[in-house]
Amino acid sequence: MGNILILAEKPSQGKAYGDVFQNVSKRDGYLEVQDSRFFNGEKAYITWGFGHLVELVPPEAYNQSWKKWDLNKLPIMPEAFQFQVAKDKQKQFQVVKHLCNQVQGIIIATDSDREGENIARSILQQAGANHKPIKRLWINSLEVEEIEKGLQRLQDGNNYIALYKEAQTRQYSDWLVGMNASRLYTLLLQKKGLQGVFSVGRVQTPTLYLIYKRQEEIANFTSQPFFELAGNVTVHEQSFEAKHNQRYDTKQKAMDILQSHGIQEGEQDGKVKELEKAQKKTRAPKLHSLSTLQTKMNKQRKYSPSMVLEIVQGLYEKKLVTYPRTDCHFITENEFTYVKQNLTAYQESLGISFSVKYPAARKAYVDSSKVQEHYAIIPTKQVPQLERLTEKEKDVYREILATTLAMFAPDYEYEETKVIIDVRGLSFYKTGKVEKNRGWKVLFPQEKQQKQREQPAQLPAMKQGDACMVDVFIKEGKTQPPKPYTEGNLIQVMKHAGKDVEDEEAKHILKQKEGIGTEATRASIIETLKHQQYIEIKKNVVYVTSKGKILCQAVDGTLLASPEMTAKWETYLAKIGRKEGSQDKFVANIKKFVTYLLEQAPNQVATLKGEINQVSEQSYVGDCPICQTGKLQDKGKFYGCSGYQDGCTFSLPKTMLTKKLPQTAVQSLLKGKRTNLIKGFKSKKGKKFDAYLTLDLEGKITFEFPKRTARKQ
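Predicted model only: the values in this text are computed from it and were never measured. Numbering of residues starts from 1 in every chain and runs along the sequence as written. Only residues with pLDDT of at least 70 get local features here, since the model is predicted, and only at 80 or more are side-chain atom pairs given and counted; chain-wide, interface and lining totals rely on the full set of residues. The basis for every side-chain value is the complete set of non-hydrogen atoms in the structure, without hydrogens or water.

(A) The arrangement of the overall build of the protein in detail. Each helix corresponds to a stretch of at least 4 residues labelled H or I by DSSP, and each strand to a stretch of at least 2 residues labelled E; elements are numbered beginning at the N terminus. Looking only at helices and strands, the protein features 22 helices and 27 strands. For the protein, the spread of C-alpha atoms along the principal axes amounts to about 90 × 75 × 60 Å. Relative accessibility thresholds used throughout: buried, under 20% of the residue-type maximum; exposed, over 50%; partly exposed, between the two (1.4 Å probe, protein chains only). Of all 713 residues assigned to the protein, the portion counted as buried reaches 52%. Intrachain contacts of the protein at a sequence separation of at least 6 include 71% that bridge at least 24 residues. Split by element, the accessible area of the protein, about 35,300 Å² in all, is 46% carbon and sulfur. Of the charged side chains in the protein, 109 are positive and 83 negative; the average position of the first set lies 5 Å away from that of the second. We call two residues in contact when some of their heavy atoms are within 4.5 Å. Values of accessible area rely on a 1.4 Å probe in the Shrake-Rupley scheme; residue burial ignores everything except the protein chains shown. As used throughout, the charge tally considers Lys and Arg to be positive and Asp and Glu to be negative, leaving His and the chain termini uncounted. In this description, the location of a charge corresponds to atom NZ of lysine, CZ of arginine, CG of aspartate or CD of glutamate.

As structure tokens, then:
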């Protein structure tokens, strides 16, 4: 095959591949390999992108008139999409392009998913190398042994072209919707007096609307009183509370039921009418997909989904866990075998021992037929020294490890007691629970205290026919609103959004595709909503901002507000990945959708009242220090003076030297104050530094360094 190029997604992945080979030399932007075990004496080069080296060009690259945001210039629909190399990634692209010209064959070794395929193919297309023989490395672990196995069973690159087309089609459709809908709604809302940019997207907007819908349900919820019949039961000198199994909307109705049985409030004679005991057990939880791991860590540790993904990605790159962006809860016999062989080492790492109850594979966890691209997230053969991990890494690794080991552990066993207390023909019910064997739950000691608070209490010893005293009373309660979403909830809401769709066909579609977004993108969608200031997180609870509410009201009733839209798109995109669908047909339908949106949106936005004034006020961050009459407004990528048309050109950046400026820092500058110390600026030479910021009389930002003299930007 001649010299070979191995194309990784990023430097850390390239380094992991380099660890496999002998005779590796480090070069600028790549590694040079001579290892006859794999390449028959010929050279191999390992290089990488920084994620997407190649991106779609902006609208003005097709038509200069598209640069200005103008309703009359919509829709923006290129006849053929064009790509460019990101400016800050030109150097690495030239390295890749040069190496592509030096080799006879290419191994795509980016992440084993749709986006990884898109990243690699886009780079090769831009480098003019897509015609060369291509093989595919498709693996679930960066361990040396797994990479070696993958290299020995390389796949034909042509098998993955459809996957690339699927991801590329998603990219095209997102660009068309984003470019057109964002400009459309921004310009329409600006006509209503709002400032700033309103970003609209295929997945982010339906997700935002789901949060908004829940928030509206809570806001509009009217609590209703209800009344229950309850009794404090005393039997054999021990007490517990039991309840009748109906609720009443008035106290009088509850009193009528008591009177119909000749019962007064207060102590009454009763007896144990029925007593049923059952031995029950629950098996270990399913193995983790990314979404269940994100949800669990958010519930346990309040880690955001994006943080969990970052941590588990780091553990993957350290070769400690398997591929993280998976939606699968199963493994194959191969993974089960190595996990079983390492049980002792894993238990020692976790510091918890247990007796192995299930040494053989069970279908609930090990099922090759359920594993497609990737299996569940489990530990690799490499057992870490936990003290070398950060606290957050330890938390996530322990959760993955404990959940994996739990499939070998005994079931959780308990005795459930159900009792019915009779008072003059009126039944009161109570369920109690006694833990018999913690089983797999010993692997999750941090959850024990919380579960103990939640589980039913142990009931006193009694038998059917025993006499008892029941202090009967009417208990008043109030109906509760739905709970707001946490960040962890939101991942599951996106995944199972079909529960909020009434149409049965749409439910079926959503069930097939598991809602809106993908396992790999849901965390970034939540981060996008934060960045766009559509949502905010307070004590782990997600709230829609006034800006977010306005957008939701603007798209209300359109497919942009519905998970059904994304579901149907995802279904057809998957067909493209299976060579059953057409990219041209899909893009044509997206263009029709955009055209329809352009026709319908103006009427919808024209009726808006809502919180427009409040949002307009929130777009101001402070008074202009130069003209003294205008206000600094959020203009999307920067803050600009509202007196621009009167000649004031004062503005402040949102990002300076790669560091996003906190709004509090901007407000300090506008008041003539020095900001707090801001950490993480990066100079043009790549050096990081910390500094205070001040504003001089000309409106220029000045750096002040601790114990150093000031210098201008």
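From this point on, the discussion continues.
(B) Summary view of the sheet that holds strand β19 (residues 631–634). Pairing between strands is defined by DSSP: at least two bridges between the two strands are required. The strand order β18-β19-β20-β21 describes an open sheet built from 4 strands, whose pairing is antiparallel. Of all strands in the sheet, those bounded by a partner on one side alone are β18 (620–623) and β21 (651–653). The average angle at which neighbouring strand axes cross in this sheet is 20 degrees, direction not considered. On the sheet, helix α22 (residues 663–670) packs against β18, β19, β20 (638–641) and β21 and is oriented at approximately 20 degrees with respect to β18. Axis lines are fitted through C-alpha atoms, for helices just across the contact stretch, and the angle between N-to-C directions can take any value from 0 to 180 degrees.

(C) Spatial organisation of the sheet that holds strand β9 (residues 155–156). An order of β2-β3-β4-β1-β7-β8-β9 is seen for the 7 strands of this open sheet, with the pairing classed as mixed. Two strands bound the open sheet, and with one partner strand each, they are β2 (24–27) and β9. Note that strand β1 (residues 4–8) and strand β4 (residues 43–48) share 5 bridges and pair parallel. Residue A8 lies in a different strand from β4, and its bridge partner there is W48. Sheet strands touched by helix α3 (residues 90–102): β1, β3 (30–34), β4 and β7 (105–108). Its angle to β4, the strand with the most contacts, is close to 155 degrees.

(D) Representation of the nonpolar core. Core analysis: the biggest nonpolar cluster contains 71 residues, and I6, Y17, V312, I331 and L443 have the highest contact counts within it. Residues in contact with I331, not counting those within four places in the same chain, are L287, F336, Y365, V366, D367, S368, V371, Y375, A376, I378 and M407. As used here, the term nonpolar core means buried Ala, Val, Leu, Ile, Met, Phe, Trp, Tyr and Cys residues forming a set that is joined through side-chain atoms within 4.5 Å. Grouped together as the second largest cluster of nonpolar side chains are 59 residues, L56, Y212, I550 and L608 included.

(E) Just the confidence of the model for the protein, in detail. Confidence along the protein averages 90 in pLDDT terms, with 94% of residues attaining 70 or more. The predictor attaches a confidence to each residue, called pLDDT, with possible values from 0 through 100. Here residues 709–713 is a poorly scored stretch, pLDDT under 50, and it has 13 contacts once near neighbours within four places are set aside; other chains count.

(F) A look at unusual backbone geometry. Of the consecutive residues L74 and P75, the connecting peptide bond is found in the cis state with omega at 5 degrees. Within the fold, P75 resides in the loop between β5 (54–56) and β6 (83–85). The backbone phi angle of H236 is positive, close to 50 degrees, even though this residue is not glycine. Checked against the element boundaries, H236 lands in the loop between β10 (225–235) and β11 (238–248). Look at K319: it is not a glycine, yet its phi comes out positive at around 70 degrees.

(G) Main features of α3. What a helix should span is 1.5 Å times the count of its residues minus one. Under the 1.5 Å per step criterion, the end-to-end length of α3 is 19 Å for 13 residues, consistent within 8% with the ideal 18 Å. Looking at α3, one finds that the buried residues are Q92, F93, V95, V96, L99 and C100. An end-on view of α3 places all buried positions within 155 degrees of arc, on one side of the element. The exposed set on the far side of α3, more than 90 degrees from its buried face, consists of K91 and N101. Here the arc refers to the set of directions running from the helix axis out to each C-beta atom.

(H) Quick peek at the pairing of strand β13 (residues 412–423). Judged by how many residues are buried, β13 sits mostly within the fold: 10 of 12 residues are covered. Here strand β12 (residues 266–282) runs beside β13; their pairing, made up of 11 bridges, is antiparallel. Considered in β13, the bridge of K271 is made with D422. The pairing of β13 with strand β14 (residues 426–437) spans 11 bridges and is antiparallel. Note on β14: the bridge partner recorded for E416 is K433. Hairpin geometry of β13 and β14 is characterised by an intervening segment of 2 residues between the two adjacent antiparallel strands and by a positive phi of about 50 degrees at R424.

(I) Examining the packing of aromatic side chains more closely. Aromatic rings from Phe, Tyr and Trp, with only the six-membered ring used for Trp, were paired whenever their centres fell within 6.5 Å, and each pair was classed as stacked if the ring planes differed by under 30 degrees, edge-to-face if by over 60, and tilted otherwise. Within this structure, the stated rule accounts for 23 aromatic pairs. Between F81 and W175, the aromatic rings sit 5.7 Å apart at their centres with planes inclined by 85 degrees, giving edge-to-face as the arrangement. Of this pair, F81 sits in the loop between β5 and β6 while W175 sits in helix α6 (residues 161–191), and the two are 94 residues apart along the sequence. Each of the two residues, F81 as well as W175, counts as buried. Ring pairing ties together the aromatic residues Y62, W66, F81, F83, Y172 and W175, which thus form one cluster. The positively charged end of R247 is found above the aromatic ring belonging to F226, 3.7 Å away from the centroid. Positioned above the aromatic ring of Y692 is the side chain of R674, whose terminal nitrogen or guanidinium carbon lies 3.8 Å from the ring centre. Any Lys NZ or Arg CZ that is within 6 Å of a ring centre and within 35 degrees of that ring's normal is treated as a charge sitting over the ring.

(J) Inspection of the pairing of strand β24 (residues 678–682) at higher detail. Sheet analysis places β24 next to strand β25 (residues 688–695), joined by 3 bridges and oriented antiparallel. Paired with I678 across the strands is A691, a residue of β25. As consecutive antiparallel partners, β24 and β25 are separated by 5 residues, and within that stretch G686 has a phi angle of approximately 90 degrees, a positive value.

(K) Region of the structure containing helix α18 (residues 546–555). Burial within α18 is extensive, with 10 of its 10 residues counted as buried. Regarding α18, the residues found buried are S546, K547, G548, K549, I550, L551, C552, Q553, A554 and V555. Where α18 terminates, the next one or two residues include G557, which has phi positive at roughly 90 degrees.

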